[in-house]
Amino acid sequence: MGSSLDGFSAIVTGGGTGIGAACAKRLVADGASVTICGRTESKLHDTVERIAAKSLPGRVSYVVAGVTSEDDVRRLVDEAVEWAGSLRGVIANAGGGGGIGSFHLQDLEEFIKVLHLNVVGTLLLVKHSVPHMVAAGGGSFVGMSSIAGGQTHPYFGAYTVSKAGVEQMMRNAADEYGEVNVRLNAVRPGFIATELMEAVPRDSAVYRSYIENTPMGDVGRPEDVAELARFLLGPESRWITGQVINVDGGHSLRRGPDFSSFVEPAFGGRDVLVAKRPATL
């Protein structure tokens, strides 16, 4: 990846921590002007300060915004364009999961909340960023999916559905906007060592199931995802659009994680999870 991103402007949502922060740093390292966003100003401020302290060739700023609010997304894009002068790239990283459990045990309000965050949040970014990228002569949009978007992850509920939705949105939007030189692709991270995944103890059966089903026998780093996202935003990927690319150490070659040891005790055993009625006497 030898070319520079001097003069390139981008937005990274969920940029205060983890993968988003790593993506922002990677883009700034190549000279880009990057606006990160999130809902917690202290995290955004700290990330901007850490990146700025590296004396990298690019620059970074932040906007406090939630991707589920259309007003917030519109303001985010407008402020990013005003600050940088244009918009050429977006990494739609903000997202999250909800309560785990079988589908018949899902809380409807929680299920819809996850769909809103992951699918509608990505839609709003497409809606408000694409016109600016067209005005700039073209651009690249990266939707953050997950290995769960294309591989079964029992008990993950709305998360799997929402990430599959992100992937199909990127494919359809790539078809719609190809003629105006806007590319859209999705990235599927596997287990990445972020703050979110710290909830999985390293001595647990769940963690072992990840390692055993990953050919490279380890977990990824945020920087692994950032390298792929940077490639997809940059000119090196000019002929790539509508694709879904895994960055998972080969995990997608096997099977999803086994969260049964987390879920069964919470709901009272496996019979509850599979909706099995107790035998009548």
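As a starting point, this report considers the structure included with it. All figures in this text were calculated on a predicted structure; none of them were measured in a lab. (Residues numbered from 1 in each chain as written. Predicted model: local features only at pLDDT ≥ 70, side-chain atom pairs only at ≥ 80, totals over all residues. Heavy atoms only, no water.)

Our focus in this paragraph is the packing of helix H1 (residues 18–29) against helix H7 (residues 222–233). The N-to-C vectors of H1 and H7 enclose an angle of 50°; their axes lie 8 Å apart at closest approach. Comparing the axis directions of H1 and H7 gives the class oblique. In terms of crossing hand, the pair formed by H1 and H7 is right-handed. Along the contact surface, H1 presents Gly 18, Ile 19, Ala 22, Cys 23, Arg 26 and Leu 27, while H7 presents Pro 222, Glu 223, Val 225, Ala 226, Glu 227, Ala 229, Arg 230 and Leu 233. The residue inventory of the contact of H1 with H7, partitioned by class, reads 9 nonpolar, 1 polar and 4 charged. (Axes fitted to C-alpha atoms, helices over the stretch in contact; angles between N-to-C directions. Helix = DSSP H or I, 4+ residues; strand = E, 2+ residues; numbered from the N terminus. Parallel < 35°, antiparallel > 145°, perpendicular 65-115°, else oblique. Left-handed = near helix turned anticlockwise from the far one by under 90°. Contact = heavy atoms within 4.5 Å. Nonpolar A, V, L, I, M, F, W, Y, C, P; charged D, E, K, R; others polar.)

The subject of this paragraph is the side chain of Arg 188. Following the sequence through the fold, Arg 188 ends up in strand S6 (residues 182–189). A relative accessible area of 17% places Arg 188 in the buried class. A distance of 2.6 Å separates the side chain of Arg 188 from the side chain of Glu 167, its partner in a polar contact. Dropping the residues within four chain positions of it, Arg 188 is found in contact with Ser 145, Ser 146, Ile 147, Gly 149, Gly 150, Glu 167, Val 244, Ile 245, Asn 246 and Val 247. (Buried < 20%, exposed > 50% of the residue type's maximum accessible area, 1.4 Å probe, protein only. Polar contact = N/O pair within 3.5 Å; in protein donor to acceptor, adjacent residues only side chain to side chain.)

Using a probe with the size of a water molecule, rolled over the atoms, empty space left in the structure can be pinpointed. Approximately 330 Å³ is the volume found for the second largest pocket. Lining of the second largest pocket is provided by 16 residues; of these, Arg 88, Gly 139, Asn 181, Arg 183 and Arg 238 occupy positions nearest its centre. Counting residues per element, the ones that place at least two in the lining of the second largest pocket are strand S5 (139–144) and S6. When its residues are assigned to classes, the lining of the second largest pocket shows 6 nonpolar, 7 polar and 3 charged. (1 Å grid on protein atoms, 1.4 Å probe; cavity = no way out; pocket = protein on both sides within 12 Å on 5 of 7 lines; lining within 4 Å. Points joined across faces, edges and corners; volume = space filled by probe spheres on them.)

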